[in-house]
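Per-entry structural report
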Amino acid sequence: MAFGGPYREILARPGAAQFSISGLISRFPMAMVGIGIVLMIEGLHGSYALAGRVSAVYVLAQAVCGPQIARLIDRHGQSRIMRPLLAIAATGITGLIVASVLDAPDWALYAIAALGGSTIGSMGTLVRARWSKLVGGNPHDLHTAYSLEASLDEVVFVIGPVLATWLATSVTPWAGIVFPVVAMLVGGYWFLSLKDSEPVPTPQTREERQPTVLRFGAMVSLVLVFVALGAVFGATDVATIAFAQEHGDKRAAGLILAVFACGSLVAGLWYGARRWVTPLWVRFVVTMLGLAGGVAFFPLVDSLWALAGLMFFTGLMIAPSLIGGNGLVQLIVPQTQLTEGLTYVGTALGVGVSLGSSVAGSRIDAAGAHAGFIVAIIAAGVGALLVVASAPVLRRSSTRRSGDVEVATH
């Protein structure tokens, strides 16, 4: 079958292309708001430390509230919960722009960032839930659908940082946040209007509610690994901006981060089109170790071109790591708690991003861009140690069900 054959087949299903495209548009905030906040705060206030902290508050609020929003969606439906929350999130992010321009005190920036982050939810998870409904129990189609969405996530990360950086450096420091707000509203409300593909909610009484998925040891292991993985991303984003500025071309940061995501996009499309024999837990361990190995060379580069090239090859490990790690969730948690499980690893990734960007921002203010890359190296090393230590429990958990079904989310 041709490389694109599996993807064409699933997109030809009724309603699939519409909810996938609208979901893609609605996900631009995940690639633009974090870096947009850093560019805006640094541009207006001249501090990477403050920029990293405000961005960290936004991401951390999203990470903490995401699982609670997911539980509400499972019980009451996507549209009923997300319609009002999208409006609140847009108001919060717009308020952050206003507060930054008016030179509001730091505590106000933190509070408004928390409002926007806590209500934005995870549109990627909602898209994947619709795919699960559409393809039913076919593991191969689900693997293809989720790999497609992982690759579309990377499309957003290819375009988003470049656009955010160009807008912030060529128009005005806060312009990089305006586009994702508009995309969130347009794509989000289009997506929520597609009622035919929306999963049916499953209300539960207090007696019927299941305990948290964190009761599974393998799930806890994955959460810890994803915190470390997120810290790599957060530290790398801030360090790349600082590195580009030190080399006299701050606008190049968006392009370099897009190259990073482009490597992931290429790998994700290839990975999703294959039928794998190697056990899923082995692939996850190998790709996480490969990612750590690539990140270890970041501080050694001395030019923008060299950093871009290294990031492309390191990026080849990103999508397979995310697809594999989230695929393990499918094998660990009950099907009735899949959305919750996926949201927890997304939450862990967000917590890691917030930690990485905050710590890296402080280190960059003190010692320059390479100090930020050192933070990324430490995070990657911790992630590598955790995944190796977790390999036995992941192996046992992945044999609980037959047939690997792989899921991916940023």
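Residues numbered from 1 in each chain as written. Predicted model: local features only at pLDDT ≥ 70, side-chain atom pairs only at ≥ 80, totals over all residues. Heavy atoms only, no water.

A short note on the confidence of the model for the protein
- Counting all residues, the mean pLDDT for the protein is 86, and 94% of those residues have values of 70 or more.
- Low confidence marks residues 402-409, where pLDDT is under 50. Its contacts with residues over four positions away, or in another chain, come to 39 contacts. (pLDDT = per-residue confidence, 0-100. Contact = heavy atoms within 4.5 Å.)

Some words on the pattern of salt bridges
- Summed over the entire model, instances satisfying the criterion amount to 6 salt bridges.
- We note a salt bridge from Arg27 to Asp153, for which the minimum N-O separation is 2.7 Å. Of the two residues, Arg27 is situated in the loop between helix H2 (16-26) and helix H3 (28-45) and Asp153 in helix H8 (residues 139-170); the sequence distance between them amounts to 126 residues. This pair shows no difference in class: Arg27 is buried, exactly as Asp153 is. (Salt bridge = Lys/Arg side-chain N within 4 Å of Asp/Glu carboxyl O. Helix = DSSP H or I, 4+ residues; strand = E, 2+ residues; numbered from the N terminus. Buried < 20%, exposed > 50% of the residue type's maximum accessible area, 1.4 Å probe, protein only.)

Considerations on the nonpolar core
- Ranked by internal contacts, the top residues of the largest apolar core, which has 127 residues, are Met82, Trp131, Phe284 and Leu328.
- With 17 residues, helix H10 (residues 217-246) is the largest single contributor of residues to this core. (Core = buried A, V, L, I, M, F, W, Y, C linked by side-chain atoms within 4.5 Å.)

Quick look at empty space enclosed by the protein
- Applying the stated criterion to the full structure yields 2 cavities of 30 Å³ or more.
- Considering only enclosed or pocket space, the second largest cavity measures out at about 40 Å³ in volume.
- For the lining of the second largest cavity, the elements supplying multiple residues, two or more each, are H10, helix H12 (280-295) and helix H16 (369-398).
- Looking at the lining of the second largest cavity, its residues break down into 8 nonpolar, 1 polar and no charged. (1 Å grid on protein atoms, 1.4 Å probe; cavity = no way out; pocket = protein on both sides within 12 Å on 5 of 7 lines; lining within 4 Å. Points joined across faces, edges and corners; volume = space filled by probe spheres on them. Nonpolar A, V, L, I, M, F, W, Y, C, P; charged D, E, K, R; others polar.)

A word on unusual backbone geometry
- Residues other than glycine seldom take positive phi values, yet Asp103 does so here, at roughly 60°.
- Its relative accessible area of 55% is what places Asp103 among the exposed residues.

Some details on the layout of surface pockets
- Considered as a void within the structure, the largest pocket measures approximately 610 Å³ in volume.
- What lines the largest pocket is a set of 26 residues, among which Asp74, Thr202, Gln335, Thr336 and Thr339 lie closest to the centre.
- Mapped by element, the contributors of at least two residues to the lining of the largest pocket are helix H4 (48-76), helix H7 (123-135) and helix H15 (338-367).
- By residue number, the principal contributor to the lining of the largest pocket is H7, which donates 6 residues.
- Looking at side-chain class alone, the lining of the largest pocket contains 9 nonpolar, 11 polar and 6 charged residues.

A look at the packing of H4 against helix H6 (residues 106-119)
- At a closest axis distance of 7 Å, the pairing of H4 and H6 adopts a crossing angle of 30°. For the element pair H4 and H6, the recorded crossing hand is right-handed. Only Asp106, Leu109, Tyr110, Ala113, Ala114, Gly116, Gly117, Ser118 and Thr119 of H6 make contact with H4, whose side of the interface consists of Leu50, Arg53, Val54, Val57, Tyr58, Ala61, Gln62, Cys65 and Ile69.
- Here the contact of H4 with H6 is built from residues that sort into 11 nonpolar, 5 polar and 2 charged. (Axes fitted to C-alpha atoms, helices over the stretch in contact; angles between N-to-C directions. Left-handed = near helix turned anticlockwise from the far one by under 90°.)

Quick notes on helix H5 (residues 78-101)
- Here H5 is 24 residues long and its end C-alpha atoms lie 34 Å apart, about the 34 Å a rise of 1.5 Å per residue gives.
- Just beyond H5, the residue with positive phi is Asp103, at close to 60°. (Expected span 1.5 Å × (residues − 1).)

So, a nonpolar patch on the surface
- A contiguous nonpolar patch, built from Leu44, Val98, Val101, Leu102, Trp174, Val178, Val182 and Val186 and spanning about 680 Å² of accessible area, is present on the exposed surface.
- Secondary structure elements with two or more residues in the nonpolar patch: H5 and helix H9 (175-193).
- Of the residues forming the nonpolar patch, the biggest block, 3 residues, is contributed by H9.
- On the secondary structure map, Trp174 appears in the loop between H8 and H9. (Patch = residues over 30% accessible without salt bridge, like charges linked within 9 Å, V, L, I, M, F, W, Y side chains within 5 Å. Areas by Shrake-Rupley, 256 points an atom, 1.4 Å probe, with all protein chains shown as cover.)

Structural notes on the packing of aromatic side chains
- Counted by the stated rule, this structure contains 7 aromatic pairs.
- Ring geometry for Phe226 and Phe284: centres 6.4 Å apart, planes at 20°, overall stacked. With Phe226 in helix H10 and Phe284 in helix H12, this pair connects stretches of sequence that are 58 residues apart. The pair formed by Phe226 and Phe284 is uniform in burial state, with each residue classed as buried.
- Residues Phe243 and Phe373 carry aromatic rings whose centres are separated by 6.0 Å and whose planes lie at 65° to one another, so their mutual orientation is edge-to-face. Of this pair, Phe243 sits in helix H10 while Phe373 is found in helix H16, placing the two residues 130 residues apart along the sequence. Across the pair, Phe373 and Phe243 agree in class, each one buried.
- Each residue in the set Phe243, Phe260, Phe298 and Phe373 is aromatic and connected to the rest through ring pairs, giving one cluster. (Phe/Tyr/Trp six-rings, centres within 6.5 Å; stacked < 30°, edge-to-face > 60°.)

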